[in-house]
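Breakdown of the fold
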Amino acid sequence: MEKFVEKHQQKITGIISTFDRLIFKGYLPLGYPEAMEHFLYRNDLLIKDFAPFAKKQSEILKQSAMDYAQRHGRVYRFLNGKTRKEELAHQIAVEDGVDEGLICVFAVVEQNPSFAMRYGEKRPRLVSCRPRCLTLYFYFMDRQVGFMHVRLQTWFPFMIQIYINGHEWLAKQLAAKGIGYQKLENAFLAIEDCKKAQKIADKFPRQRWQKILSSFARRLNPLMAGLLKGMEYYWVTDQAEFATDIMFKDPAALNPLYIKLQRHSTVCFSAEDVLKFLGRKLSGNFSGKVENHYKKRLPGARVKHRMKGNDIKMYDKFGSVLRVETVINHPYEFKIRRRAKRRGQKVMGWFPMAKRVTNLYRYAEVSLAANRQYLQALSVIDDPEASFRLLDKLCAPAKLNGNRKRAMNPVSLSDVKLFAAVMRGEHCIHGFRNGQLAEHLGMPLSKDKAERRRQSSRICRLLLLLRAHRLIAKIPRSRRYRVTLRGFKLMTAAIFLREEYMPDYILA
């Protein structure tokens, strides 16, 4: 990241890395049918009594929410149909001038995980299902956390979800420390002292989140003091977004650069690059999707790379903030150093990272590393000479097994078509075969045997040409080929050169 910042330092006013959107979920030890059945038995209830018993608890939670809103002089509203709840809550906060405390309570009918009775051979049983039930949303302007909300389902097992934004939290801390800043929605446009602000932001993962989240649960779920007394929620990080924001002086400083960054990231970043950003290596054991997405949106555009449900995104905020953001939905793809069992013995080692909220510090480490690598890869923008110098190696003849092969032309339409066919994302995992390459080059399989032989010979010559220039290599004990690291660099540079500087020619 230092190269990127050093290169554009005259246009940059500051950098801040912190969590953005965080979704925590709390689970009571009632999440599976057998546990719920035992809970009913302990309360002298039969399985057939589950539905009326659950309905009674739902009414208690609903009435408690209405009373809570009334005590604080705030609105309780039932929402029917699709409504942007967060926008509506912001609107109510502005209209009523709510700077601290409860903003409003919304009641919505939504699907939630729960249970239903089913008749069995000997006795009725509870099974998992997803019925529609009343769901409560509590929106707060919290003194420590800022704008946030709590979602509580009113049906067993009373799962709770808490949304917190790291930028909101940081804004509250900066105000308390007397550090000036300019903020718009969930982005800082300017910060008076970025170094001090970053030190404060680094403390976010180390907050006592289990205690903080549990206090919200006890406050909003009255059953915790009665029917559920003695139980505690187990907290997990369901989704975490960690953003690195680079603040530019104004939109005029960022917009021209951002157009080039978009183009480079969509054209030049391969599946291997995306895996590297997210801490993985391309190997034959990898099984999963690696995808690139480009989406236009007002007023700019967003580039997203996805690997097994985890994303790394780049977009601009309000024209003057470049944001690179890592989103972790499946933390098990990353490792954390902890004590666990291995071959029957407890050892300290690197194991898959679980969702527990105490691992939030590791989420920050992994995400910051991904953001840094991504920005480092973008540091070549505005300096294409480094990439184009590599292409000189293609413009000279090469030898394979003593046989001389022709030079390649990085701007020739036929050669770049060949590069594009070889570099297709579907080939990154398992490689490609002769027939697949022919198909992508627009050579349909002929019914004539002689024509098929000629076609096969032509593709073989192209493969030998690519191998001579060390752009591809044969996968041992197979009829497949893979792109080499040298091939990724050279062919990506050639494709970028043609698409960037020869836009009138469209590759088929």
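The shown structure was predicted, so the numbers you read here are calculated from the model rather than taken from an experiment.

Let's talk about the pattern of salt bridges
Here the structure, examined in full by the defined rule, presents 17 salt bridges. Note that D245 is salt-bridged to R323, the shortest N-O span being 2.7 Å. Placement of the pair is D245 in strand β11 (residues 234–248) and R323 in strand β15 (residues 321–328), with a sequence separation of 78 residues. Both residues of the pair, D245 and R323, belong to the buried class. A salt bridge links R454 to E451; the shortest N-O distance between them is 2.9 Å. Taken together, the positions of R454 and E451, both in helix α15 (residues 449–468) and 3 residues apart, correspond to about one turn of that helix. Members of the salt-bridge network, linked through shared partners, are D20, D245 and R323.

Describing the pairing of strand β7 (residues 146–153)
In terms of burial, β7 is a largely internal element, 8 of the 8 residues being buried. Sheet topology note: the strand β6 (residues 132–142)/β7 ladder contains 8 bridges and is antiparallel. By the bridge assignment for β7, Y137 is matched with R151. Taken together, β6 and the strand that follows it, β7, pair antiparallel across an intervening segment of 3 residues.

Re the packing of helix α5 (residues 166–177) against helix α6 (residues 194–201)
Between α5 and α6, whose axes approach to 10 Å, the crossing angle comes to 125°. The angle between the axes of α5 and α6 places the two elements in the oblique class. Between α5 and α6 the crossing geometry is right-handed. Counted together, W169, L170, Q173, L174 and K177 of α5 and A197, I200 and A201 of α6 form the full contact between these two elements. Per-class residue counts for the contact of α5 with α6 are 6 nonpolar, 1 polar and 1 charged.

Digging into the environment of W350
Along the chain, W350 falls in strand β17 (residues 345–352). Spatially, the C-alpha atoms of W350 and S414 are 47 Å apart, while their sequence positions differ by 64 residues. Filtering out sequence-adjacent residues up to four positions away, W350 remains in contact with K335, I336, R337, R342 and R362.

A word on the confidence of the model for the protein
Mean pLDDT over the protein works out to 88, with 93% of the residues at or above the 70 mark. Segment residues 504–508 is flagged for pLDDT under 50; beyond a separation of four residues in sequence, or across chains, it makes 7 contacts in the model.

Description of the side chain of K25
Looking at where K25 falls in the secondary structure, it is placed in strand β1 (residues 12–27). With near-sequence residues (within four places) excluded, K25 lies in contact with M159, I160, Q161, Y234, W235, V236 and D238.

Regarding α6
Listing the buried residues of α6 in full gives C194, A197, Q198, I200 and A201. In an axial view of α6, the angular spread of the buried residues amounts to 160°, which keeps them on one side of the axis. Exposed residues pointing more than 90 degrees away from the buried face of α6 are listed as K195, K196 and K199. Against β1, α5, β10 (187–191) and β11 lie the buried residues of α6. You can read the cap of α6 off the contacts: a side-chain oxygen lies 3.3 Å from the backbone nitrogen of K195, and it is on D193.

Some points on the environment of W169
As for its placement among the helices and strands, W169 is situated in helix α5. A residue is classified by how much of its surface remains accessible, and W169, at 5% relative accessible area, is buried.

Points about the pairing of strand β3 (residues 101–111)
Among the 11 residues in β3, 8 count as buried, and that is most of the element. Judged from the 4 bridges that link them, strand β2 (residues 75–78) and β3 form a sheet pairing that is parallel. When the bridges of β3 are listed, R77 appears paired with F106. Where the polypeptide runs from β2 across helix α4 (residues 85–96) and back to β3, its parallel neighbour, the crossover connection is right-handed.

Section: the packing of aromatic side chains
Evaluated as defined, the whole model comprises 20 aromatic pairs. Seen from their ring centres, Y68 and F140 are 6.5 Å apart, and the 70° between their planes marks the pair as edge-to-face. Taken together, the residues Y68 in helix α3 (residues 50–71) and F140 in strand β6 connect sequence positions 72 residues apart. For Y68, a relative accessible area of 7% corresponds to the buried category. A network of ring pairs unites the aromatic residues F19, F24, W169, F204, W209 and F242 as a single cluster. Here the guanidinium or amino end of K85 rests over the ring plane of Y137, the centre of that ring lying 4.8 Å away. Positioned above the aromatic ring of F140 is the side chain of R219, whose terminal nitrogen or guanidinium carbon lies 5.7 Å from the ring centre.

Examining the environment of I312
Structurally, I312 is set in strand β14 (residues 310–317). Note on I312: relative accessible area 0%, which makes it buried. Residues within four places of I312 in sequence aside, it is in contact with F277, L278, V303, K304, H305, V324, E325, T326, A370, N371 and Y374.

Regarding the side chain of R323
Residue R323 is classed as buried on the basis of its relative accessible area of 0%. There is a polar contact of 3.4 Å between the side chain of R323 and the side chain of H167. Within the structure, the side chain of R323 is placed 2.9 Å from the backbone oxygen of N186, a separation counted as a polar contact. If we skip the residues at most four places from it in the chain, R323 touches D20, H167, N186, A187, A243, T244, D245, K313, M314, Y315 and K317.

Things to note about unusual backbone geometry
Along the chain, F156 connects to P157 via a cis peptide bond; the corresponding omega equals 10°. Assignment of secondary structure puts P157 in the loop between β7 and β8 (160–165). With phi around 55°, N401 is a residue other than glycine that occupies positive phi space. Within the secondary structure, N401 is located in the loop between β18 (398–400) and β19 (403–405). A relative accessible area of 72% means that N401 is categorised as exposed.

Scoring rules and cut-offs
- Residues numbered from 1 in each chain as written.
- Predicted model: local features only at pLDDT ≥ 70, side-chain atom pairs only at ≥ 80, totals over all residues.
- Heavy atoms only, no water.
- Salt bridge = Lys/Arg side-chain N within 4 Å of Asp/Glu carboxyl O.
- Helix = DSSP H or I, 4+ residues; strand = E, 2+ residues; numbered from the N terminus.
- Buried < 20%, exposed > 50% of the residue type's maximum accessible area, 1.4 Å probe, protein only.
- Pairing = 2+ DSSP bridges.
- Axes fitted to C-alpha atoms, helices over the stretch in contact; angles between N-to-C directions.
- Parallel < 35°, antiparallel > 145°, perpendicular 65-115°, else oblique.
- Left-handed = near helix turned anticlockwise from the far one by under 90°.
- Contact = heavy atoms within 4.5 Å.
- Nonpolar A, V, L, I, M, F, W, Y, C, P; charged D, E, K, R; others polar.
- pLDDT = per-residue confidence, 0-100.
- Arc of directions from axis to C-beta.
- Polar contact = N/O pair within 3.5 Å; in protein donor to acceptor, adjacent residues only side chain to side chain.
- Right-handed = clockwise from strand over helix to strand, strands pointing away.
- Phe/Tyr/Trp six-rings, centres within 6.5 Å; stacked < 30°, edge-to-face > 60°.
- Lys NZ or Arg CZ within 6 Å of the ring centre and 35° of its normal.

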